[in-house]
Amino acid sequence: MFNEWIDRGEELAAQFRSAEPFPHLIIDNFLDVETAEKLLAEFPSPEAMPKSRDYVFGDKHELSSVAEQGPTSKAFYDALMSDQFKQFISTLTGKDLFVDPAFHGGGFHQSGDGGFLDTHVDFNMHPLHSNWLRTLNVLFYVNKDWKPEYDGRLLVKTSPDGDPVAIEPLFNRGLIMVTDDRTYHGFKKMSLPPGVTRKSIATYAYELVPEGSTVARTTGWSPEAAGPLKRMFARHYDTAVKVKTKIFGSATAQNR
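Basis of the calculations
- Residues numbered from 1 in each chain as written.
- Predicted model: local features only at pLDDT ≥ 70, side-chain atom pairs only at ≥ 80, totals over all residues.
- Heavy atoms only, no water.
- Helix = DSSP H or I, 4+ residues; strand = E, 2+ residues; numbered from the N terminus.
- Buried < 20%, exposed > 50% of the residue type's maximum accessible area, 1.4 Å probe, protein only.
- Contact = heavy atoms within 4.5 Å.
- Pairing = 2+ DSSP bridges.
- 1 Å grid on protein atoms, 1.4 Å probe; cavity = no way out; pocket = protein on both sides within 12 Å on 5 of 7 lines; lining within 4 Å.
- Points joined across faces, edges and corners; volume = space filled by probe spheres on them.
- Nonpolar A, V, L, I, M, F, W, Y, C, P; charged D, E, K, R; others polar.

Peer 1: Which parts of the structure should I look at to understand the environment of isoleucine 26?
Peer 2: If you trace the backbone, isoleucine 26 turns up in strand β1 (residues 24–28). Take isoleucine 26: its relative accessible area is 33%, and that puts it in the partly exposed class. Along the sequence, isoleucine 26 and valine 178 sit 152 residues apart, while their C-alpha atoms lie 12 Å from each other. If sequence neighbours within four positions are ignored, isoleucine 26 has contacts with Ile167, Arg173, Gly174 and Leu175.

Next comes the structure, spelled out in structure tokens:
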């Protein structure tokens with residue numbers, strides 16, 4: 001399943017921690033090729049995936065039930081849940097981390113022609129566990145024969161107006177990145193031919209923190225080239241989501 005990088009945690013930790021603009025690690029050949037191909041074959045169609053709840057800030061589909069999509073997807077899920085992967089990400093960060101077994105907010109992500117994801121920082125506390133602090137994003141790209149003109153690069157930076165580092169969403173590429181209140185990321189609106197979509201599988205790693213030690217925040221949006229109404233919505237998004245969650249509960253885990 002995982003290639004030889006999984007046994008090089010100590011060596012890769014220095015590369016991870018020194019990466020700019022914030023700690024991250026790009027891993028090409030994340031899986032053996034046969035497994036990556038089978039995972040692509042099991043990737044659900046956009047029509048089988050609910051629309052993301054990113055509202056005006058993104059255009060993509062999400063489905064968190066990775067383990068239910070086929071035998072290779074189940075094996076991939078099990079690998080991310082394994083002690084071996086837990087040891088690797090804990091070695092990278094120097095923290096005792098674990099992957100959310102329910103993939104809340106994660107799972108299969110897919111965007112077609114016109115798809116985009118505005119610049120943002122992620123929510124920090126797990127929607128169902130108030131002592132789980134989100135510490136890492138783990139992304140796996142499943143885009144066969146991806147062409148430069150498709151773009152879809154993940155742009156990462158430490159401020160909304162900072163200079164980004166661009167990471168191409170290439171087939172069988174993994175990305176492990178810190179997530180906190182300064183790890184801005186997103187991708188610009190794409191122009192894709194019929195039948196081509198930007199595919200990834202996302203999961204999030206957490207650390208346990210004392211109850212009440214961290215103020216919870218939702219996703220913080222900083223859309224570029226947005227009109228005044230969208231910018232105003234972005235400024236008040238956190239408050240709006242907290243009110244909605246208090247009344248209706250969290251919707252983060254419902255795209256299964």
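Picking up where we left off.
Peer 1: Just checking my understanding: could you explain helix α4 (residues 83–93) for this structure?
Peer 2: Given 3.6 residues per turn, any residue in an α-helix points the same way as the ones three and four places further on. Considered for burial, the residues of α4 that qualify are Phe85, Phe88, Ile89, Ser90, Thr91, Leu92 and Thr93. Where α4 ends, the next residue or the one after it, glycine 94, has phi of about 75°, a positive value.

Peer 1: Would you mind showing me how to read the sheet that holds strand β10 (residues 184–187) here?
Peer 2: Within a sheet, adjacent strands bond to each other through the backbone by hydrogen bonds, running parallel or antiparallel. Pairing is antiparallel in the open sheet, where five strands are placed in the order β8-β7-β10-β5-β12. In the strand order of this sheet, the two ends are held by β8 (165–167) and β12 (220–221), each with one partner.

Peer 1: It is not clear to me how the layout of surface pockets should be interpreted in this structure. Could you clarify?
Peer 2: To find the voids left in a structure, one rolls a probe of water-molecule size over its atoms. Quantified by volume, the second largest pocket comes out at close to 220 Å³. Forming the boundary of the second largest pocket are 19 residues, of which Lys95, Thr135, Val178, Thr179 and Asp180 lie nearest the centre. Those elements that place two or more of their residues in the lining of the second largest pocket are α1 (9–18), α4 and β6 (132–141). A per-element tally of the lining of the second largest pocket places β6 first, with four residues. Taken together, the residues of the lining of the second largest pocket sort by class into six nonpolar, five polar and eight charged.

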